[in-house]
Each structure stands twice: as structure tokens, then as C-alpha cells.
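# Chains, contacts and geometry: an overview
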Amino acid sequence: HGARKRILVVDDSWENRSVLMNFLQPLGFEMREADSGVDALATIETWSPDMVITDLSMPGMDGVAMLEQMKKKTALVSVVSSANVSMMAMRDRLQETNHIFLPKPIQADDLFDMLQKQLGINWIHTEPIRTVHSVPAAPRLTNDTITYPPVDTLKALAKLADSGDIYGLSKQIKQ
């Protein structure tokens, strides 16, 4: 409920853009997408969105550089969404500069709450809220059925996770 709002989704991954586009457009938002910071800035100048949801890690002009350029031109509400663990440490810094942080995968509840607060809209719920990216429930395991990896492997995984090396973490988990 409320005036129709415009949202620009910026991410170099078409899959990530598609998830948000397909989730928000049926709710009545006017949506556009950009695959780089440069494209996003051009869209902002010609289309005037109410909010920008952007990834930070993009080739060319990344999300940080794009946000700095945006700040010079507009007081537009911006949301940073990242799966990079080290980016989560930036949450407080981003909030100090009027940017909101939502970790990936974005949870529907968090997204709805943020949209309501930042865009001044009210939700009319007709179905239970679900997550944007749902994961099937894991089977119940007991200590008898779990084989733990060696301590060295767990330490290596923890080090990769702490450094935010998602690629290295994924590779190590597959091994």
C-alpha cells in the first residue's frame, strides 16, 4: 500500500538481479536493472529511482565507487547486498553513510522491513512471508551419524571464512 516506488538493482550477476527483479516486480515496484556501476549511474540520471540495491564486487566501477559518485549527485536511498563475509564488517561504516546493508542471500523478512522503513510503504499480507532464496531443511542428524572433518581441515575452512574467500572456501568444501 502506498505510492508506486522505483527500484534499481545493480549487480554484475544476472542471476542475482533476476532474483530481486522477479521477487519485487509482482509486488508493484517499478524495476530496472544495471550490470555495472557505470550503467547504474546513467540509469539514475535518466530514470530517478527511489532506491538502489547494489552489489559491491563488480568489475570496472565497483559498488563502492558507484556509491561515492551517487553521493555527490543525490541523497538516494541505497542498499548494499553482498555474500562476501568481509563485506559484512563494512555494515556499520555503510550505515554511517546512509547506506543499508543486507547480506546475501537476502531474507524476505529483512527485505520487507527495510523497504517499509526506507520507502514509507505499508505491507498488506495475503500469504505467509517466504525467503527470497530458500534452502531445503537439512535432515536431522545425531552425533552417531556425523563424521567430522580433521581439525586441520576445520581450521583451514575457518581461515578462509574469516578472510571472506568464498571461492577458496567453496573449493575446500568440495574437496
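Being a predicted model, the structure only gives us computed values, none of them experimental. (Residues numbered from 1 in each chain as written. Predicted model: local features only at pLDDT ≥ 70, side-chain atom pairs only at ≥ 80, totals over all residues. Heavy atoms only, no water.)

## Examining the sheet that holds strand S1 (residues 6–10)
Just so we agree on the cut-off: Note on pairing: DSSP must find at least two bridges between two strands before they are called paired. For the purposes of this entry, the term helix denotes a DSSP run of H or I that reaches at least four residues, the term strand denotes a run of E that reaches at least two, and both are numbered from the N terminus. Axis definition: a line fitted to C-alpha atoms, limited for helices to the stretch in contact. Angles are taken between N-to-C directions and run from 0 to 180 degrees. By definition in these notes, contact holds between two residues if any of their heavy atoms fall within 4.5 Å.
Overall, parallel pairing links the 5 strands, which are arranged S2-S1-S3-S4-S5 in an open sheet. The sheet terminates laterally at strand S2 (30–34) and strand S5 (99–103), the two strands that pair on one side only. Neighbour-to-neighbour, the strand axes of the sheet open up by a mean angle of 20°, direction not taken into account. Two strands pair when backbone bridges link them, and S1 and strand S3 (residues 51–54) are joined in this way by 4 bridges, in the parallel orientation. Pairing of Val-9 across the sheet is with Ile-53, part of S3. Lying on the sheet, helix H2 (residues 37–47) is in contact with S1, S2 and S3; it crosses S1 at an angle near 165°.

## Considerations on unusual backbone geometry
The test is simple: Exposure classes here rest on a 1.4 Å probe applied to the protein chains alone. A residue is buried below 20% of its type maximum, exposed above 50%, and partly exposed in between.
Even without a glycine there, the phi angle at Ser-48 is positive, about 55°. Along the chain, Ser-48 falls in the loop between H2 and S3. The class for Ser-48 is partly exposed, based on a relative accessible area of 49%.

## Let's talk about the packing of aromatic side chains
To keep things clear, this is the line we draw: Two rings from Phe, Tyr or Trp (for Trp, the six-membered ring) form a pair when their centres sit within 6.5 Å of each other. Planes less than 30 degrees apart are called stacked, planes more than 60 degrees apart edge-to-face, and all others tilted.
Enumeration over the complete set of coordinates arrives at 3 aromatic pairs. Their ring planes at 50° and their centres at 4.7 Å tell us that Phe-112 and Trp-123 sit as a pair that is tilted. Taken together, the positions of Phe-112 in helix H6 (residues 108–119) and Trp-123 in the loop between H6 and helix H7 (151–163) put the pair 11 residues apart, joining distant regions of the chain. According to the relative accessible area criterion, Phe-112 is buried, its value standing at 9%. A network of ring pairs unites the aromatic residues Phe-23, Phe-29, Phe-112 and Trp-123 as a single cluster.

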